[in-house]
Amino acid sequence: MGRLLAVLYGVACYILFLGTFLYAIGFVGNVVVPKSIDTGVPGPVGAALLINALLLGVFAIQHSVMARPGFKKVWTKIVPRPIERSTYVLLSSLALVLLFWQWRPMTDMIWMVDNPLGRNVLWVVSALGWLTVLVGTFLINHFDLFGLRQVYLYMRRQQYTESGFRTPFLYRIVRHPIMLGFLIAFWSTPDMTTGHLLFAIATTGYILIALQFEERDLVHFHGEAYVEYRKRVSMIMPIPK
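Criteria and cut-off values
- Residues numbered from 1 in each chain as written.
- Predicted model: local features only at pLDDT ≥ 70, side-chain atom pairs only at ≥ 80, totals over all residues.
- Heavy atoms only, no water.
- Helix = DSSP H or I, 4+ residues; strand = E, 2+ residues; numbered from the N terminus.
- Buried < 20%, exposed > 50% of the residue type's maximum accessible area, 1.4 Å probe, protein only.
- Polar contact = N/O pair within 3.5 Å; in protein donor to acceptor, adjacent residues only side chain to side chain.
- Contact = heavy atoms within 4.5 Å.
- Phe/Tyr/Trp six-rings, centres within 6.5 Å; stacked < 30°, edge-to-face > 60°.
- Core = buried A, V, L, I, M, F, W, Y, C linked by side-chain atoms within 4.5 Å.

Let's shift gears to unusual backbone geometry. Residue N30 is not a glycine yet carries a positive backbone phi of 60°. Along the chain, the position of N30 falls in the loop between α1 (2-29) and α2 (45-65). The class of N30 is partly exposed, set by a relative accessible area of 30%. For F169, which is not a glycine, the phi torsion comes out positive at approximately 45°. In this structure, F169 sits in the loop between α7 (148-155) and α8 (177-187).

Written out as structure tokens, the structure reads:
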């Protein structure tokens, strides 16, 4: 029964992530979803700036701290190891739900592209960014990244093993194509408001800082193989070394 509950928990966390990911596309792009980054009645700029910065900070701290090996070592004494990744996915998704819910619009325009062709090009580039994110997850084992493989192996009474170090397709161009995809998606917009600009700057800063910790952990985990990989492939900009 415990193994079945772990699987149901993992699946529920994954479904929540999937809904959150799809909502994020609409939220950033101001399409389809009922509340997006620029919808609503603007309030005082100072209050909006403070609240939005706090919301971004909550996600950044949760997402980065819980990913560190030191935290996981302590955390798995409380949360069973087979559902540790699913719990991380759950809390990350809830942090994003909180951000979507409480985000304050800041609608002063930084730039607006009026040319129809220019607008369409930016929408296509943004869509390619989101597609890069999704493809990047499948290249390194999508279901392991979001906790489903762990609970499946636990249900089958099989030992979990790490997927190992691989560099398929996009990972031969940049070391972190998922993060590159996010940056493309966040910055490629025909209508850049101050709120969207705050979101783009904050997430860019977070990504660049978080990758320093991620790189350190990857070197520690994979050793010389990752050191050599860093020498051959750029971190996030597709510039040949």
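From this point, the narrative continues.
Further remarks concern the side chain of S234. Note on placement: S234 falls in the segment after α10 (224-232). Residue class for S234 comes out buried when judged on its relative accessible area of 11%. Engagement of the side chain of S234 in a polar contact is seen with the backbone oxygen of I239, the distance being 2.5 Å. Aside from chain neighbours lying at most four places away, what touches S234 is I173, V174, R175, I239 and K241.

The description of an aromatic ring pair uses the distance of the two centres, along with the angle that the planes make with each other. The tally for this structure, following the rule as stated, stands at 21 aromatic pairs. On the numbers, 6.0 Å between centres and 35° between planes, the contact of F17 with F21 is tilted. One end of the pair, F17, and the other, F21, are both in helix α1, 4 residues apart, so they sit about a helical turn from each other. With relative accessibility at 13%, the residue F17 sits in the buried group. Seen in terms of ring centroids, W103 and F199 are 5.9 Å apart; in terms of plane orientation they differ by 80°. Their pairing is edge-to-face.

Okay, the nonpolar core next. Grouped together as the largest cluster of nonpolar side chains are 42 residues, with contacts concentrated most on L99, W103, W130 and F199. Elements with a minimum of two residues in this core: α1, α2, α4 (84-102), α5 (116-139), α8, α9 (194-222) and α10. Per element, the largest residue contribution to this core is 7 residues, and it comes from α9. Residue contacts for W103: discarding those within four places in its chain leaves F27, K35, I37, N52, L55, L56, G195, L198 and F199. If you look at the next biggest cluster of nonpolar residues, it comprises 9 residues, including V7, M66, A67 and Y88.

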